[in-house]
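Observations on the three-dimensional arrangement
Listed below are the residues making up each chain.
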Amino acid sequence: MLKKLLGGLFGGGDAKPGNAKAAEPVEYNGYQIVSEPVEQSGQYRVSGWIRKPGSGDQEAREHRFERSDLVPGRDACDQLMVSKAQRYIDQVGDAMFEPR
């Protein structure tokens, strides 16, 4: 209990940044880009998913897309997420789904 009280007073404890609601997917070259920013101290961190729907016998694949950029507004964060994801798709393509 003391740890919880002191953590609340000094900003520690179990406080975690919150995830904002996911935006509608944006289609790009056969991929879906879904912005799902993380709220941190009144700003939004660029974060979300890049998905490639399955076709035929191939199942759907997805890649978690995280960046260090912090943006003051949700709309600006969604736009930055989409533009960075598009560039990433152009550079890496399906290789993003390969195990590391």
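Scroll up a little and you will see the structure.
Summarised in this report is the structure supplied together with it.

Reading guide: rules and limits
Residues numbered from 1 in each chain as written. Predicted model: local features only at pLDDT ≥ 70, side-chain atom pairs only at ≥ 80, totals over all residues. Heavy atoms only, no water. Helix = DSSP H or I, 4+ residues; strand = E, 2+ residues; numbered from the N terminus. Contact = heavy atoms within 4.5 Å. Phe/Tyr/Trp six-rings, centres within 6.5 Å; stacked < 30°, edge-to-face > 60°. Buried < 20%, exposed > 50% of the residue type's maximum accessible area, 1.4 Å probe, protein only.

Some points on the side chain of Ser-47
- The residue Ser-47 is located in strand 5 (residues 43-52) in this model.
- Setting aside anything within four residues of it in sequence, one finds Ser-47 in contact with Val-34, Ser-35, Glu-36, Pro-37, Val-38, Arg-64, Phe-65, Glu-66 and Met-81.

A closer look at the packing of aromatic side chains
- Counted by the stated rule, this structure contains two aromatic pairs.
- Note on Tyr-31 and Phe-97: the rings are 6.4 Å apart at their centroids and 20° apart in plane angle, and the pair reads as stacked. Of this pair, Tyr-31 sits in strand 3 (residues 31-35) while Phe-97 sits in the segment after helix 2 (74-92), and the two are 66 residues apart along the sequence.
- Its relative accessible area of 5% is what places Tyr-31 among the buried residues.
- For Phe-97, a relative accessible area of 17% puts it in the buried group.

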